[in-house]
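# Architecture and fold: a report
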Amino acid sequence: MKQAGISALNNRSRRRISAALLAGTAMTMVAAPAFAQEAEADQSNENVIVVSGIRGSLAKALDEKRNADSLVEVIQAEDIGKLPDQNLAEVLENITGVQITRTAGVGTGVQIRGSNDNRIEINGVGTVGSGTGRGGISFEDVPASIIAAVEVTKAPTAMTTEGSVGGTINLRTIRPLDLRDPLISFRAQGEYSELSKSVTPRISGSFGQKWDVGDGEMGIVISGNYSKLDATSFRPRVDRDGGLVENNTATVVRGTSTQLPAARPAAQAFDFVGIQFLNQELENFKYETYNISGSLEWAPSDSLKLYFDGFYNDQTRRQESSRVQGSGVSSLLDFSVPTSFETVNFGILDGVQLGSIQVAQKGTLEATLAADDEDPNLRFSSDTGARLTTNTLFRGGAEFESGRFSARAELSRTDSKTTNPNLSTTLNFINPNGFPITRNQNENPTPFAYDFTGGALTFGINSASPTAPTTAQLLDPANVVLDAVTVGNNKTKNDETAARLDMSLELDDLTGFLDSFDIGYRYNKSSTSFDQIRSTFGTGDIRQSPRGTLFADLLVPGKSTFGDFDGRELAFRDFLVVDQGLAYSDQAGTLAKLQAALNSTPTGITRLAAGNPLLRDPVSDPGAFFDISETTNAVYGQLNFEFGPVRGNAGLRYVMTTISSLGNQVTPAGVTPIVTTGKYDELLPRINLTADLSDQLVARASFGKDINRPDFNDLSTSVNFGTGPNNPVAIGNPGLAPETVTSYDASLSWYFAPAAVISVGVFHKKRKNLFVDQLDPPAVDINGFVDITPPCEGGGIYNPIPDRNVLSNIPGNGLCVGKLTKINDTGSTKQTGVEVAFQYDLSSFEDAIGFASGFGLAANYTYQKFSGGEATNDAAPRGRDIFNAINGIYNDNNFVTYSAVQGLLDFSKHAYNVTAFYEKYGISARARYTWRSSFRTNDTAGGATLTSTFGFPVVTAARGQLNGSITYDLTDNINIGVEGVNLTKSKIEQYCVNDGALLCFQGLPDRRLTFGASIKF
């Protein structure tokens, strides 16, 4: 069957591949069993050579990259449904210039050339995610077992859909008409999570068949997957500032108030940074995923092909996390003096040397009668927010060819529906060994000990204190009271409908160098809607806080495994939480018991009689609702050319975008819908050149322009209030302009042996209208308190929900918090980078070295730098006080403002990836070590915000991770194996202000092992 014109739509400049073919479509490998690791001649198909396994997949991917129209990176599956990793994010980590971020050790975020703003497609169709951003489908929602190949387009053509900064990720499934033999495969695996101490199943299978139908062909492929995953990570958090302990000789001036030196212990004769907050977070996510994908193709004649693709995903991500918090300790700074200190150099910010200061490193936090208003308090929180997402994707179309003309018409629809059931609670511990309760306090002091020597953030109960609670007391429901409840069932719906027409006219024999001319049109309509359904309860008053004895049947001991990662002895191991599994499986019943407990308190009885219970069933918040739709119309034209050794394409893409945003304005008079509209047009030129300098040497160059549209939630006019007293409130900005990205690429590749390459590439990006955060913080007085009444004249926005906690000496709910808005950076920014890749194996030396010829190596390295931009992060009050005190400035009228250009989040300057593999005698083994240098991020533990981290995103230190796998072919059709993730139990360290400065957070992720077998017929 001849479909040269149809194939040309995807790759105009593809040269004829020789009979000794090592690579082709994603599924050429299905013609031979997985065990066929040596080359075999197939006389029935024009002597095509089929190589499967690791070497085969690398060879196929390399050939596809070499013959592509533009700069494309490809990973081919080694066998049916067997990409090199279980998780798609970690699959992409194999590609040069790609780094990933993880949640509880599971790959969830992908940065291409330092950018999170990338387009994700399945078979060329755009996907939508579970949230209100534009990131596309979550990588943890799509199992690698149903994907045949992954391609990343770094340099787009005019045909490429706009909307990415780093690149376009396309997940390709098996194409039915590419099958050469029937396909039946099945894989069953179990995954052991070391910290979770659980084994969960992974089951996948595929069926494919192609038939002759008259003069044409018809084919079908169906792939399915069912998997569960139990992912655990420990994340200790320590806030060290304590309002800064200033020395005995300093006279501190705040505005018009003068703070005289206090009588302090001799050990505090120098400035130091004390303990503000302790938080022991255990992340646990339980995934359950169902996936099915199917494709039907029918080619009734040589000139026509019809196709239909379907994809369905059902993802449940249930959270059973806990937080044990030590708060209210800042007032003990004058009494609980550290027993040892460390010198912390905060480094340089935008050329300004911040200097060094002493920081608490080891000591105890003991309650004193003089400080009984703010004692060290112990709190137990359970976080049970779940994500239930269903994704569907449908694509149907036709490809037609007649003479010089070929065309493709396609209609697609993708949608995502997500609900977020949540019943999270906080309990306060009433230490029976503490002070007599003589007032309406909602906690009683608990002594803590901390020890950060050796680079570990360890803390827990000070068991040597005479007031230390026993294990029995910590697990006694009579010693806890209900402090806060959040109930929710938020709903998010995203959908995208697209139609496109692509046409091509062959010109190769009409001109001396023009190969073809492409022209096309694409219509797209996207929409997202968000409905916040929630109720909250919080108290600082014991009169409306029921004791745990009233809901004891809901309480269970929290997981006591926090020391399992590194054997740490100092940790919170004994505590109570509301049963997280019950809170998820029976939200209504759990809520009813909590409501009954609240209704039995004196305040609860009064409120219930008045028809105003303390805790209500969750209801929709009209102030947080939004519904945003976006329509785009795009046209393009592209010339494809080839003259001598040079081939390429040049074209223009013109995009017209209109947006309509619906939100609500809530006033005492009622709810008023507000509609905001906008539109913009962009012209995107794109040029790609490839020169075959010799049989082994290929040079590439490209120029292109793209746009990055703002996330839908950043355009919303609605307001979503959080439940934390330190969390800023995000305010949408419907006036955001799209970011424009101009990219330049050049590379040189030397294919020095079969399936081998050394390549060096450079790239440069100019970015305008970069999306950055603008934080308007609330004013903080000399006592560390914020305003608790609207309209927050000193800054920020009034949030009526949170418990004021230690931010006010007046108990209750509601206070001024930061206001966070997304804006366009007024300055232009630049990214420049170098990418180096190497691939080689010893298979051609089999006669000389025997078994050693099975070894091979693939490696890559990326260097990139970022410059420019004008938007800055400014030091929060905590950081401002410390940096000025270091320099002897104690009068806030003379304070220096410290700031730094925001730059890019999740951007590493250096990264490399080394994969060593062995494949011979039925053995297939691989070890991959991935390393990336430090990067700034807002992904922190325990709900920390910029206020907690001195006003700047934290820096995740450089880290490497080792993954590996080994499989063995028992027979021609049966394969067994084991895979490992994070084999060396590499931990994560995060520093405040600068890399290596103040250690604020740690991540202790799981080590996971997967074992199982696969069968193919």
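What comes next concerns the included structure. Predicted model only: the values in this text are computed from it and were never measured.

About the cut-offs
Residues numbered from 1 in each chain as written. Predicted model: local features only at pLDDT ≥ 70, side-chain atom pairs only at ≥ 80, totals over all residues. Heavy atoms only, no water. Helix = DSSP H or I, 4+ residues; strand = E, 2+ residues; numbered from the N terminus. Rg over C-alpha atoms; globule rule 2.2 N^0.38 Å. Buried < 20%, exposed > 50% of the residue type's maximum accessible area, 1.4 Å probe, protein only. Contact = heavy atoms within 4.5 Å. Polar contact = N/O pair within 3.5 Å; in protein donor to acceptor, adjacent residues only side chain to side chain. Pairing = 2+ DSSP bridges. 1 Å grid on protein atoms, 1.4 Å probe; cavity = no way out; pocket = protein on both sides within 12 Å on 5 of 7 lines; lining within 4 Å. Points joined across faces, edges and corners; volume = space filled by probe spheres on them. Nonpolar A, V, L, I, M, F, W, Y, C, P; charged D, E, K, R; others polar. Salt bridge = Lys/Arg side-chain N within 4 Å of Asp/Glu carboxyl O. Axes fitted to C-alpha atoms, helices over the stretch in contact; angles between N-to-C directions. Disulfide = S-S within 2.5 Å. Core = buried A, V, L, I, M, F, W, Y, C linked by side-chain atoms within 4.5 Å. Phe/Tyr/Trp six-rings, centres within 6.5 Å; stacked < 30°, edge-to-face > 60°. Lys NZ or Arg CZ within 6 Å of the ring centre and 35° of its normal.

### A short note on the overall build of the chain
When its secondary structure is counted, the chain shows ten helices and 56 strands. Taking 31 Å as the expected radius of gyration for a compact globule of 1017 residues, we find that the chain reaches 30 Å, a close match to that expectation. In terms of its C-alpha atoms, the chain occupies a principal-axis envelope of roughly 95 × 60 × 60 Å. Split into buried and exposed, the 1017 residues of the chain put 57% on the buried side.

### Brief notes about unusual backbone geometry
For residues other than glycine, phi is negative in most cases, and the peptide bonds are mostly trans. Here the residue pair Pro790 and Pro791 is connected by a cis peptide bond, since its omega of 15° sits within 30 degrees of zero. Tracing the chain through its elements places Pro791 in the loop between strand S40 (771–776) and strand S41 (797–803). Its identity is not glycine, yet Phe950 carries a phi of approximately 70°, on the positive side. If you trace the backbone, Phe950 turns up in the loop between strand S50 (935–937) and strand S51 (954–956). With a relative accessible area of 1%, Phe950 lands in the buried category.

### A closer look at the environment of Thr173
Note on placement: Thr173 falls in the loop between strand S9 (168–172) and strand S10 (183–193). For Thr173, a relative accessible area of 8% corresponds to the buried category. Considering only alpha carbons, one finds Thr173 and Thr549, 376 residues apart in sequence, at a separation of 55 Å. If we skip the residues at most four places from it in the chain, Thr173 touches Asn123, Ile146, Ile147, Ala148, Ser293 and Ser295. There is a polar contact of 2.9 Å between the side chain of Thr173 and the side chain of Asn123.

### Examining the pairing of strand S23 (residues 387–402)
Pairing geometry for strand S16 (residues 304–319) and S23, over 14 bridges, is antiparallel. Considered in S23, the bridge of Gln315 is made with Thr389. One ladder, built from 15 bridges, connects S23 with strand S24 (residues 405–429); its direction is antiparallel. Bridging from a neighbouring strand, Leu393 pairs with Thr414 of S24. Joining the antiparallel neighbours S23 and S24 is a turn of two residues, in which Gly403 adopts a positive phi near 65°.

### Considerations on empty space enclosed by the protein
The space that makes up the largest cavity amounts to roughly 470 Å³. In terms of lining, the largest cavity is formed by 27 residues, of which the most central are Leu58, Val74, Asn94, Gln839 and Ala858. When residues of the lining of the largest cavity are traced back to their parent elements, those giving at least two are helix H2 (53–67), strand S3 (72–76), strand S39 (756–768), strand S44 (829–841), strand S45 (855–868) and strand S48 (910–920). No other element matches the six residues that H2 contributes to the lining of the largest cavity. Among the residues making up the lining of the largest cavity, the classes are represented as 14 nonpolar, nine polar and four charged. If you go around the second largest cavity, you meet 30 residues; those closest to its centre are Gln86, Asn87, Glu191, Arg202 and Arg1008. Those elements that place two or more of their residues in the lining of the second largest cavity are helix H3 (88–92), strand S12 (216–245), strand S15 (272–301), strand S49 (923–932), strand S52 (959–969), strand S53 (974–981) and strand S56 (1008–1016). For the lining of the second largest cavity, the leading source of residues is S12, giving four residues. Its residues assigned to classes, the lining of the second largest cavity shows ten nonpolar, ten polar and ten charged.

### Quick notes on the pattern of salt bridges
Here the structure, examined in full by the defined rule, presents 55 salt bridges. For Asp239, the salt bridge is made with Arg878, and the minimal N-O distance between the two is 3.9 Å. Note that Asp239 is positioned in strand S12 and Arg878 in helix H10 (residues 877–886), a separation of 639 residues in sequence. Each of the two residues, Asp239 as well as Arg878, counts as buried. Salt-bridge contacts for Arg709 lead to Glu630; the nearest nitrogen and oxygen are separated by 3.9 Å.

### Observations regarding the sheet that holds S9
Spatially, the five strands line up as an open sheet ordered S3-S8-S9-S6-S7, and their pairing is mixed. Every other strand in the sheet has two partners, leaving S3 and strand S7 (125–126) as the edge strands with one partner each. For S3 and strand S8 (residues 149–153), the ladder comprises five bridges, and the chain directions are antiparallel. Bridging from a neighbouring strand, Ile75 pairs with Val150 of S8. Relative to the sheet, H2 contacts S3, S8 and S9, its axis offset from that of S3 by approximately 155°.

### Describing the sheet that holds strand S43 (residues 819–824)
On the basis of which strands lie adjacent, the open sheet formed by three strands has the order S37-S43-S40 and mixed pairing. Each edge of the open sheet is held by one strand with a lone partner, namely strand S37 (729–731) and S40. With strand direction ignored, the average angle separating the axes of adjacent strands in the sheet is 35°. Across six bridges, the pairing between S40 and S43 is antiparallel.

### A few points about the side chain of Ser196
Mapping Ser196 onto the fold places it in the loop between S10 and strand S11 (198–213). Ser196 sits in the buried class, given a relative accessible area of 17%. In terms of polar contacts, Ser196 uses its side chain to reach the side chain of Thr232, at 2.4 Å. Excluding anything up to four places from it in sequence, Ser196 contacts Asp230, Ala231, Thr232, Asn284 and Asp1006.

### Remarks on the state of the cysteines
Counted according to the given criterion, the structure contains two disulfides. For Cys792, the disulfide goes to Cys816, at an S-S distance of 2.1 Å. Judged by the torsion about the S-S bond (-95°), the Cys792/Cys816 disulfide is left-handed. Taken together, the residues Cys792 in the loop between S40 and S41 and Cys816 in strand S42 (residues 813–817) connect sequence positions 24 residues apart. A relative accessible area of 5% places Cys792 in the buried class.

### What about the nonpolar core?
Counting 44 residues, the largest nonpolar core has Leu378 and Phe380 as its most contacted members. In terms of nonpolar packing, the next biggest core, distinct from the first, is built from 27 residues, Val110, Ala144, Ile146 and Val152 among them.

### Things to note about the pairing of S41
For S41, a buried count of five out of seven residues is recorded, marking the element as mostly surrounded by other parts of the structure. Of the strand pairs in this sheet, S41 and S42 are connected by four bridges, and their pairing is antiparallel. Within S42, the position partnered with Tyr798 by the bridge is Cys816.

### Considering the packing of aromatic side chains
Across all of its chains, the model carries 26 aromatic pairs by this definition. Between Tyr912 and Trp931, the ring centres sit 5.4 Å apart and the planes meet at 20°, which makes this aromatic pair stacked. Residue Tyr912 is found in strand S48, and its partner Trp931 is found in strand S49; the two are separated by 19 residues along the sequence. Through a chain of ring-to-ring contacts, the aromatic side chains of Phe346, Phe883, Tyr898 and Phe950 assemble into a single cluster. It is Arg66 that lies over the ring of Tyr751; its NZ or CZ is 4.3 Å from the centre. The ring centre of Tyr921 lies 5.4 Å from the NZ or CZ of Lys920, which sits over that ring.

### Section: the side chain of Ser986
If you trace the backbone, Ser986 turns up in the loop between S53 and strand S54 (988–992). Residue Ser986 is classed as buried on the basis of its relative accessible area of 14%. Polar side-chain contacts of Ser986 include one of 2.8 Å to the backbone oxygen of Gly960. Excluding anything up to four places from it in sequence, Ser986 contacts Phe565, Arg959, Gly960 and Pro1005.

### Quick look at the environment of Ser828
With respect to the secondary-structure elements, Ser828 resides in the loop between S43 and S44. For Ser828, a relative accessible area of 43% gives the class partly exposed. C-alpha of Ser828 to C-alpha of Asn769: the two residues are 59 residues apart in sequence and 7.1 Å apart in space. Those residues in contact with Ser828 that lie beyond four places of it in its chain are Arg767, Lys768, Ser867, Gly868 and Gly869.

In short, geometric facts, not functional conclusions.
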